[in-house]
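# Results of the structural survey
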Amino acid sequence: MTQSKTALICGISGQDGAYLAKLLFQKDYIVWGTSRDAQMSSFRNLHILGIKEQVKLISMALTDFRSVLQVITKVEPDEIYNLAGQSSVGLSFEQPVETLESIAIGTLNLLESVRFLDKPIKIYSAGSSECFGDTGNYPADETTPFRPRSPYAVAKSAAFWQVANYREAYGLFACSGILFNHESPLRPERFVTQKIISTACRIAQGSQEKLYLGNTNIHRDWGWAEEYVEAMYLMLQQNQADDYIIATGETCSLQDFVQYTFEFLDLNWEEYVIVDESLFRPTDLTFGKANPSKAKNQLGWKAKYKVKDVVKMMIEAKL
Ligand code: NDP
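Residues numbered from 1 in each chain as written. Predicted model: local features only at pLDDT ≥ 70, side-chain atom pairs only at ≥ 80, totals over all residues. Heavy atoms only, no water.

Now for the packing of helix H7 (residues 192-204) against helix H9 (residues 254-264). For the pair H7 and H9, interaxial distance at closest approach is 10 Å and the crossing angle is 30°. One element, H7, and the other, H9, form an angle in the roughly parallel class. Seen along the crossing, H7 lies across H9 with a hand that is right-handed. Together, Val192, Thr193, Ile196, Ile197, Ala200 and Ile203 of H7 and Leu254, Phe257, Val258, Thr261 and Phe262 of H9 make up the contact between the two elements. Each residue belonging to the contact of H7 with H9 can be placed in one class, and the counts come to nine nonpolar, two polar and no charged. (Axes fitted to C-alpha atoms, helices over the stretch in contact; angles between N-to-C directions. Helix = DSSP H or I, 4+ residues; strand = E, 2+ residues; numbered from the N terminus. Parallel < 35°, antiparallel > 145°, perpendicular 65-115°, else oblique. Left-handed = near helix turned anticlockwise from the far one by under 90°. Contact = heavy atoms within 4.5 Å. Nonpolar A, V, L, I, M, F, W, Y, C, P; charged D, E, K, R; others polar.)

Taken in spatial order, the seven strands of this open sheet run S3-S2-S1-S4-S5-S6-S11, and their pairing is parallel. Unpaired on one side and paired on the other, strand S3 (56-59) and strand S11 (244-246) mark the two borders of the sheet. The sheet shows a mean angle of 25° between the axes of neighbouring strands, direction not considered. When strand S5 (residues 122-128) meets strand S6 (residues 174-179), the two strands line up parallel, connected through six bridges. (Pairing = 2+ DSSP bridges.)

So, about the packing of aromatic side chains. Scanning the entire structure with this criterion turns up twelve aromatic pairs. Their ring planes at 55° and their centres at 6.2 Å tell us that Phe146 and Trp161 sit as a pair that is tilted. On the criterion of sequence distance, the pair formed by Phe146 in the loop between S5 and helix H6 (151-170) and Trp161 in helix H6 is long-range, its members being 15 residues apart. On the basis of relative accessibility, which here comes to 55%, the residue Trp161 falls in the exposed class. When the ring of Trp222 is compared with that of Phe257, the centres are 5.1 Å apart and the planes differ by 55°; the resulting orientation is tilted. Here Trp222 is found in the loop between strand S9 (219-220) and strand S10 (223-224), whereas its partner Phe257 is found in helix H9, with 35 residues between them in sequence. For the pair shown, Trp222 and Phe257 are each scored as buried. Above the plane of the ring of Tyr170 lies Arg115, whose end atom (NZ or CZ) is 3.9 Å from the centre. Its end group placed over the ring of Phe191, Arg187 keeps NZ or CZ at 3.9 Å from the ring centre. (Phe/Tyr/Trp six-rings, centres within 6.5 Å; stacked < 30°, edge-to-face > 60°. Buried < 20%, exposed > 50% of the residue type's maximum accessible area, 1.4 Å probe, protein only. Lys NZ or Arg CZ within 6 Å of the ring centre and 35° of its normal.)

And the structure:
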């Protein structure tokens, strides 16, 4: 009988962490998960997925090298998935230092710890499509240069190049997944997709409120989180470490997302949506477009669910 692998998921309380833990249990892994304070976190997402009792939870501060080194030494993981860090683009304009430290210093501490321990530990690092900036109508692939336009994207770009550098310079098995937006019922309401779904569902149930949105003329590639975590797992099962774009390959506007949501609930969106300029960001990306063909060709991964499926599944979960 083969021995179970051990995975360490940093940031297990988040959307992706919870789905990834579920997937790894199905693959017979022993799963450890970190939170900044494992005693205080509610781990709501792990409860929702019914896996809270199976996960071994541990506190870790990514920005503290000692903490990172201690956790890796204790857990002895075969694979580390780093999903932790300040993850909101909007909030990154308010907390630029926290964002940069948690993402860039955090990633560096992980890489440096694995290098220091000199063990064959594989690392997945959560990259982001935000690094590309505005792609225009040209779909970004893994060779497209980064033009980050938010503190979040600057931090993710730094983390991406740290991963590439440690792979090249020290031979670490470290991969960045450049993931485009992915949603699920576990998404908090701070993110616009969940705000749209939740508000529209309340309106459909009789609430008199309006939906206040910032710029609805942004275009994104929206996918389904539960299948995006499979791509993370697949990256670490390859013979060679590499970086991959993960996306559906289809882009639509936020206004389309709003329209699909209200249409699904038999409502006319124009009666409920108010564009509020105070919600506009200092800089925003108009267009995010992806070419995920490398993931299809090399990982055998392709998104099954497109934006309309995402809207439908999020509404069904809400109601
Ligand atoms: P979440 O925000 O849901 O989870 C991230 C986790 O990181 C949180 O649960 C939290 O854990 C921890 N965290 C939050 N803020 C900080 C901070 N300031 N310092 C250290 N840790 C922090 O993110 P997702 O699951 O949606 O995303 C996972 C990763 O993928 C993130 O790195 C995100 O930036 C990236 N990503 C996500 C995309 C998406 O569409 N969802 C797209 C592209 C990239 P705790 O409070 O328990 O410590």
